Amino acid sequence: MIIQPRVRGFICLTSHPEGTAQHIKNQIDYVKSQGEISNGPKKVLVIGASTGFGLASRITAAYGSGAATIGVFFEKPAAPGKPGTAGWYNTAAFEKEAHAAGLYAKSINGDAFSDDIKQQTIDLIKADLGQVDLVIYSLASPRRTHPKTGVAHASVLKPIGQSFTNKTVDFHTGVISDISIQPVENEEDIENTIAVMGGEDWKFWIEELKEAGVLAEGVKTVAYSYIGPELTYPIYRNGTIGKAKDDLEDTVTVLNDMLQDLNGISYVSVNKALVTQSSSAIPVVPLYISFLYKVMKEKGIHEGTIEQMQRLFAEKLYNNNTPTLDEKGRIRVDDLEMRADVQAEVDALWQKATTENLEEISDIKGYRDDFFNLFGFNFDNINYDADTNEVVNIPSIKS
Ligand code: NAI
């Protein structure tokens with residue numbers, strides 16, 4: 001079928017199999033160009049492995065240190081006349097490339113919050129790898145059904161205490177408007193967001209993997225967080241999602257205790273703001289990112305998800321490095337984003353932004369390109385008017 005982008009707000013309903021394959025190939029080529037990561041991971045479980053930071057982590061582990069990878073995610077398979085989700089095609093392309101390169105790669109598609117998917121993952125590790133030496137936790141989800149209570153929690157993106165008004169952009173049209181977001185009305189919204197995006201599920205994973213004996217001596221586990229600039233504090237770091245990130249970050253202490261007898265360690269890495277399916281859903285953030293891209297590209301310090309994860313692995317977690325942690329015990333690969341000169345320039349652009357000057361003073365074009373790239377669109381070498389086979393399978397998943 002001919003697959004063109006079909007956009008609804010911050011979601012693209014279609015994905016292109018050949019374009020996503022190109023996106024995977026570009027990321028693999030980047031990791032290969034950076035050379036081998038010495039004493040890197042060898043057997044890796046990535047939870048949230050199909051898009052964004054989790055996918056980039058999987059590619060970095062596989063191609064940076066030849067790791068066998070198991071990826072867990074929740075994606076819609078391709079069917080005749082119905083393209084699969086980007087994460088489905090990404091994984092199909094990744095597995096094909098990995099297998100051709102002689103690398104072990106298998107995947108599990110289902111709800112990572114459930115006991116069932118955790119058990120399936122444990123069974124697969126036992127059968128094929130024995131143990132894993134790195135567990136990446138990179139889920140981003142709007143909801144979670146709690147595996148013990150059966151309660152369905154929905155996260156919200158709201159400020160706490162007072163309403164928040166600021167500029168936001170429709171990144172398709174470039175129209176800037178003011179958005180006012182009302183604060184949470186009750187504690188429940190905060191608790192639900194913590195239940196979805198906080199640290200409990202990460203803890204359940206590590207507990208269950210450990211109990212099953214599938215964590216190797218010296219295992220590392222890493223989850224991802226975000227801080228960002230003051231202008232997004234009310235909606236991000238001081239809002240409901242920020243409370244969930246506080247909880248995720250606090251989980252490190254619990255996991256470090258749990259992993260002590262294995263000489264294992266857990267980290268939270270604070271990453272840079274980037275265009276992913278999750279971040280495009282947050283008000284205000286896309287406009288911030290379009291200025292951030294502009295400033296960081298001009299300074300020659302821009303990174304995408306793959307550059308961020310390559311740097312995390314090569315300069316913080318492996319290559320005989322011990323990461324320097326901030327005052328709250330976190331790894332910071334958002335250091336370039338948070339540089340004072342970068343933030344001052346972003347702030348100045350923010351103040352003068354209007355619909356009329358946006359194309360000129362921001363990198364909204366770069367934002368759009370990245371957004372469409374996520375779904376396999378806007379790659380120069382792909383003919384989007386040509387017929388393509390939409391039914392692409394993931395080799396390790398029986399259809
Ligand atoms: P993403 O939307 O690209 O990836 C989310 C992944 O989670 C996908 O693989 C998806 O299939 C999987 N997933 C979602 N629900 C699932 C479920 N129930 N069961 C199994 N898999 C499920 O998101 P992104 O942006 O890569 O986020 C990953 C982490 O990085 C999050 O913790 C996020 O807060 C953090 N982060 C993101 C930043 C950004 O700017 N995008 C910046 C810093 C941190």
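In this report, we go over the structure that sits alongside the text.

Basis of the calculations
- Residues numbered from 1 in each chain as written.
- Predicted model: local features only at pLDDT ≥ 70, side-chain atom pairs only at ≥ 80, totals over all residues.
- Heavy atoms only, no water.
- Helix = DSSP H or I, 4+ residues; strand = E, 2+ residues; numbered from the N terminus.
- Contact = heavy atoms within 4.5 Å.
- Areas by Shrake-Rupley, 256 points an atom, 1.4 Å probe, with all protein chains shown as cover.
- Lys, Arg positive; Asp, Glu negative; His and termini not counted.
- Charge placed at Lys NZ, Arg CZ, Asp CG, Glu CD.
- Near = heavy atom within 4 Å.
- Polar contact = N/O pair within 3.5 Å; in protein donor to acceptor, adjacent residues only side chain to side chain.
- Nonpolar A, V, L, I, M, F, W, Y, C, P; charged D, E, K, R; others polar.
- Patch = residues over 30% accessible without salt bridge, like charges linked within 9 Å, V, L, I, M, F, W, Y side chains within 5 Å.
- Salt bridge = Lys/Arg side-chain N within 4 Å of Asp/Glu carboxyl O.
- Pairing = 2+ DSSP bridges.
- Axes fitted to C-alpha atoms, helices over the stretch in contact; angles between N-to-C directions.
- 1 Å grid on protein atoms, 1.4 Å probe; cavity = no way out; pocket = protein on both sides within 12 Å on 5 of 7 lines; lining within 4 Å.
- Points joined across faces, edges and corners; volume = space filled by probe spheres on them.
- Left-handed = near helix turned anticlockwise from the far one by under 90°.
- Core = buried A, V, L, I, M, F, W, Y, C linked by side-chain atoms within 4.5 Å.
- Buried < 20%, exposed > 50% of the residue type's maximum accessible area, 1.4 Å probe, protein only.
- Expected span 1.5 Å × (residues − 1).
- Phe/Tyr/Trp six-rings, centres within 6.5 Å; stacked < 30°, edge-to-face > 60°.
- Lys NZ or Arg CZ within 6 Å of the ring centre and 35° of its normal.

1. What to know about the overall build of the chain
Broken down by element type, the chain carries 12 helices and 13 strands. The principal-axis extent of the C-alpha atoms belonging to the chain is close to 60 × 50 × 45 Å. Expressed as a percentage of contacts within the chain between residues at least 6 apart in sequence, the contacts between residues at least 24 apart total 78%. Surface exposure of the chain reaches about 16400 Å², of which carbon and sulfur atoms provide 49%. Charged side chains in the chain number 38 positive and 54 negative. The centres of these two groups are separated by 2 Å.

2. What about the site of the ligand?
Close to the ligand lie 29 residues; S50, A112, K245, T276 and S278 are nearest. F53 places a main-chain nitrogen or oxygen 2.9 Å from an oxygen atom of the ligand. A distance of 3.2 Å separates an oxygen atom of the ligand from a polar atom in the backbone of F74. At the level of secondary structure, the elements contributing two or more residues to the shell around the ligand comprise helix 2 (52-65) and strand 11 (215-225). Considered class by class, the residues forming the shell around the ligand number 13 nonpolar, 12 polar and 4 charged.

3. Examining a nonpolar patch on the surface
On the surface, F10, I11 and L13 cluster together into a nonpolar patch covering about 260 Å² of accessible area. Looking at the element boundaries, F10 is found in the loop between strand 1 (7-8) and strand 2 (11-12).

4. Considerations on the sheet that holds strand 6 (residues 132-137)
The strands making up a sheet are joined through hydrogen bonds of the backbone, oriented either antiparallel or parallel. Strand order in the open sheet formed by 7 strands is 5-4-3-6-11-12-13, and the pairing between neighbours is parallel. Unpaired on one side and paired on the other, strand 5 (105-109) and strand 13 (331-332) mark the two borders of the sheet. Packed on one face of the sheet, helix 3 (residues 86-100) meets strand 4 (68-73) and strand 5 and runs near 160° to strand 5. This element, helix 7 (residues 240-259), spans strand 11 and strand 12 (265-270) of the sheet and lies at about 160° to strand 12.

5. Topic: the layout of surface pockets
Its boundaries defined by the atoms lining it, the second largest pocket holds a volume of some 440 Å³. Counting only elements with at least two residues in the lining of the second largest pocket, the list comes to helix 1 (17-33), helix 2, helix 8 (285-298), helix 9 (305-317) and helix 12 (364-374). Along the lines of polarity and charge, the residues of the lining of the second largest pocket split into 8 nonpolar, 11 polar and 3 charged.

6. A short note on the packing of helix 1 against helix 9
The geometry of helix 1 relative to helix 9 is characterised by a closest axis approach of 10 Å and an angle of 30° between their N-to-C directions. With respect to the hand of their crossing, helix 1 and helix 9 are arranged in right-handed fashion. Of helix 9, the residues touching helix 1 (which contributes Q27, Y30 and V31) are T305, I306, E307 and Q310.

7. Some remarks on the nonpolar core
In terms of nonpolar packing, the biggest core is built from 90 residues, with I59, Y63, Y288, F291 and F313 touching the most fellow members. Broken down by element, this core gets its largest block of residues, 9 residues, from helix 8. Ranked by size, the runner-up nonpolar core spans 32 residues in total, among them V132, Y137, L209 and L259.

8. Digging into helix 6 (residues 200-211)
Over its 12 residues, helix 6 runs 16 Å from end to end, which matches the ideal 16 Å to within 8%, given 1.5 Å per residue. Here helix 6 has its buried residues at D201, W202, F204, W205, I206 and L209. Directly after helix 6, the chain includes G213, whose backbone phi takes a positive value near 75°.

9. Side note on the side chain of K118
Locating K118 in the fold gives a position in helix 4 (residues 115-129). Owing to a relative accessible area of 0%, K118 belongs among the buried residues under this scheme. Apart from residues lying up to four places away in sequence, K118 is in contact with A112, F113, D201, F204, W205 and E208.

10. Remarks on the packing of aromatic side chains
Evaluation of the coordinates by the stated rule reveals 10 aromatic pairs. Aromatic pair Y137 and W202: ring centres 6.3 Å apart, planes at 25°, arrangement stacked. Linking Y137 in strand 6 with W202 in helix 6, this pair joins segments that are 65 residues apart in sequence. Exposure remark for Y137: the relative accessible area of 5% places this residue in the buried category. Between Y226 and Y236 the ring centres are 5.1 Å apart and the planes differ by 90°, which places this aromatic pair in the edge-to-face class. On the criterion of sequence distance, the pair formed by Y226 in the loop between strand 11 and helix 7 and Y236 in the loop between strand 11 and helix 7 is long-range, its members being 10 residues apart. In this structure Y226 comes out as buried when scored by relative accessible area, which is 10%. Aromatic rings pair up to connect F171, Y367, F371, F372 and F375 into one cluster. Over the ring of F204 we find K148, and its NZ or CZ is 5.0 Å from the ring centre.

11. Side note on the pairing of strand 6
A large share of strand 6 lies buried, amounting to 5 of its 6 residues. With 4 bridges connecting them, strand 3 (residues 43-47) and strand 6 associate as parallel partners. Across the sheet, residue V46 finds its bridge partner in strand 6, namely I136. By the bridge criterion, 5 bridges tie strand 6 to strand 11 in an arrangement that is parallel.

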